[in-house]
Amino acid sequence: MASRAFNLALRTASRSVRPALRPMTAMAAAHSVRATAVKSIMTHQTRGLKTLNFGGTQETVYERSDVPNQKLLETFKNDTIAVLGYGPQGRGQALNLRDNGVNVIIGQREGKTYDKAVEEGWVPGKNLFPMLEAVEKGTVVMNLLSDAFQKQFWPEMLPYLTSGKTLYFSHGFSVVYKDQTNIIPPKDIDVILVAPKGSGFTVRRLFQEGRGINSSFAVYQDVSGRAKERTIALGVGIGSGYMYETTFKKEVYSDLVGERGILMGAIQGLFQAQYEVLRANGHSPSEAFNETVEEATQSLYPLIGERGMDWMYSNCSTTAQRGALDWWKPFHAASKPVFEELYRKVKDGSETARSLDRNSQPDYREKLEEELKEIRESELWRSGKTVRQLRPENLDKN
């Protein structure tokens, strides 16, 4: 939402500086456009929280402008934010909090990830600690460990979650499936969640670009009476551009379905199926990849992100439109039963059980690499590697 507003502001600003472009250098003009656009969007974002119509349902949305940096710092002036785990989410959220001026420390086991934290400015003994020490020091403990390791580490960290602290998650997994994880938070602490809708890498990159990722948030336990206010502030602190409210249960159900479905699992299955059919009918690898993946990711999907599916359709040929309109319903009919089965397995906990079991095995990483290797070394994605090298922006990198 913030990025869309920025683009609108940028176009408006571009028009406003157009008469001055001739006497200015291109670089100076670009700086002028961006400065005007940033000023415009910052003014635009003072509107505060609001209720919007989402396809006929009214929902309240909270934006970054609802928590100016001064308010963020005031909210956590007496807190130490302890981020457990410097993996993708831990890294992205911790760096954004640090850049926002919040007092944040890292809890991380020694190893490659620990070394990366040191390289990025975290100082052992100052703001980088063994995990249990970080839990003890933190007043807000951000549990961003893997789901499987959260289960393993919980008995050790539990004694340090003393009365008045806040326990933060970015995924409702451990709390919702407590019968499998045994993670039951103490009754005298706040328990909250902010779930960025993207990888930790994206959380960091969008923050650095001055944009912000969309996130959901939830309050599981409000002992302080300020849990919601502090959750929204933390959401802004970690780099959210806007947030919508949910529950721990709804977050984990939708997240697990999305990852296994259209965001990752289903899209790989569809890519692979179409590619195989094209290859079986004599199409070259380059043609099959371009018609399956490259055109989708580089040309069509950005149009969906910009203004929706109908906008993408309207910017294609009439032949493409007709084919898409005729075939989306058969694909819907074929795939909906799979999604329904997936949701049932998420809801009944069987997906959780499988995930915890597989991800807790001592040879987990070796088996994971074998499965990723199968995808990476398939003809589909080996062809993709060559195709990506041909993109004009990559020519100088070859």
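The text that follows walks through the structure, step by step, so that each part is easy to find. (Residues numbered from 1 in each chain as written. Predicted model: local features only at pLDDT ≥ 70, side-chain atom pairs only at ≥ 80, totals over all residues. Heavy atoms only, no water.)

On to the overall build of the chain, then. If you tally the helices and strands in the chain, you get 19 helices and 10 strands. As displayed, the chain offers around 22400 Å² of accessible surface, 54% of which is attributable to carbon and sulfur atoms. (Helix = DSSP H or I, 4+ residues; strand = E, 2+ residues; numbered from the N terminus. Areas by Shrake-Rupley, 256 points an atom, 1.4 Å probe, with all protein chains shown as cover.)

Here we come to unusual backbone geometry. In this structure, Asn182 is a non-glycine residue whose phi angle is positive, near 65°. Position of Asn182 relative to the elements: it lies in the loop between α9 (178-181) and β8 (190-196).

Right, let's get into the packing of aromatic side chains. Across all of its chains, the model carries 10 aromatic pairs by this definition. Seen in terms of ring centroids, Phe289 and Trp381 are 5.7 Å apart; in terms of plane orientation they differ by 80°. Their pairing is edge-to-face. Of the two residues, Phe289 sits in helix α14 (residues 285-307) while Trp381 sits in helix α19 (residues 379-389), which places them 92 residues apart along the sequence. Ring geometry for Trp327 against Phe331: centres 6.2 Å apart, planes inclined by 50°, an arrangement best described as tilted. Here Phe331 and Trp327 lie together in helix α16 (residues 318-347), a separation of 4 residues that amounts to about one turn. Pair check on accessibility: Trp327 and Phe331 agree, each one exposed. (Phe/Tyr/Trp six-rings, centres within 6.5 Å; stacked < 30°, edge-to-face > 60°. Buried < 20%, exposed > 50% of the residue type's maximum accessible area, 1.4 Å probe, protein only.)

It is worth spelling out a positive patch on the surface at this point. Taken together, the side chains of Lys178, Lys187, Lys249 and Lys347 present a region of like positive charge at the surface. Considering the arrangement of structural elements, one finds Lys249 in helix α12 (residues 248-260). (Patch = residues over 30% accessible without salt bridge, like charges linked within 9 Å, V, L, I, M, F, W, Y side chains within 5 Å. Salt bridge = Lys/Arg side-chain N within 4 Å of Asp/Glu carboxyl O. Lys, Arg positive; Asp, Glu negative; His and termini not counted. Charge placed at Lys NZ, Arg CZ, Asp CG, Glu CD.)

Strand order in the open sheet made by the 10 strands is β1-β2-β10-β9-β8-β7-β6-β3-β4-β5, with mixed pairing throughout. The strands lining the two open edges of the sheet, one partner per strand, are β1 (50-54) and β5 (128-129). By the bridge criterion, 4 bridges tie strand β3 (residues 81-84) to strand β4 (residues 104-107) in an arrangement that is parallel. Along β4, the bridge assignment pairs Ile81 with Val104. Contacting β3, β4, β6 (140-143), β7 (166-169) and β8, helix α4 (residues 88-99) runs over the sheet at an angle of about 160° to β4. (Pairing = 2+ DSSP bridges. Contact = heavy atoms within 4.5 Å. Axes fitted to C-alpha atoms, helices over the stretch in contact; angles between N-to-C directions.)

Tracing the chain through its elements places Leu73 in helix α3 (residues 69-75). Taking relative accessible area as the criterion, Leu73 reaches 32% and is therefore assigned partly exposed. Along the chain, Leu73 and Ala233 lie 160 residues apart, while their C-alpha atoms are 9.2 Å from each other. Filtering out sequence-adjacent residues up to four positions away, Leu73 remains in contact with Asn100, Gly101 and Val102.

This paragraph deals with the pattern of salt bridges. Under the criterion given, the structure shown has 20 salt bridges. The closest approach of N and O atoms between Lys116 and Glu120, which form a salt bridge, is 3.7 Å. Judged by relative accessible area, Lys116 falls into the partly exposed class, the value being 36%. Glu209 serves as the salt-bridge partner of Arg211, at 2.9 Å between the closest nitrogen and oxygen.

Turning our eyes to something else, we now look at a nonpolar patch on the surface. A cluster of nonpolar residues, Ile262, Leu263, Met264, Leu270, Trp327 and Phe331, forms a patch on the protein surface that exposes about 710 Å² of accessible area. Inspection of the secondary structure assignment puts Met264 in the loop between α12 and α13 (265-280). For Met264, a relative accessible area of 53% gives the class exposed.

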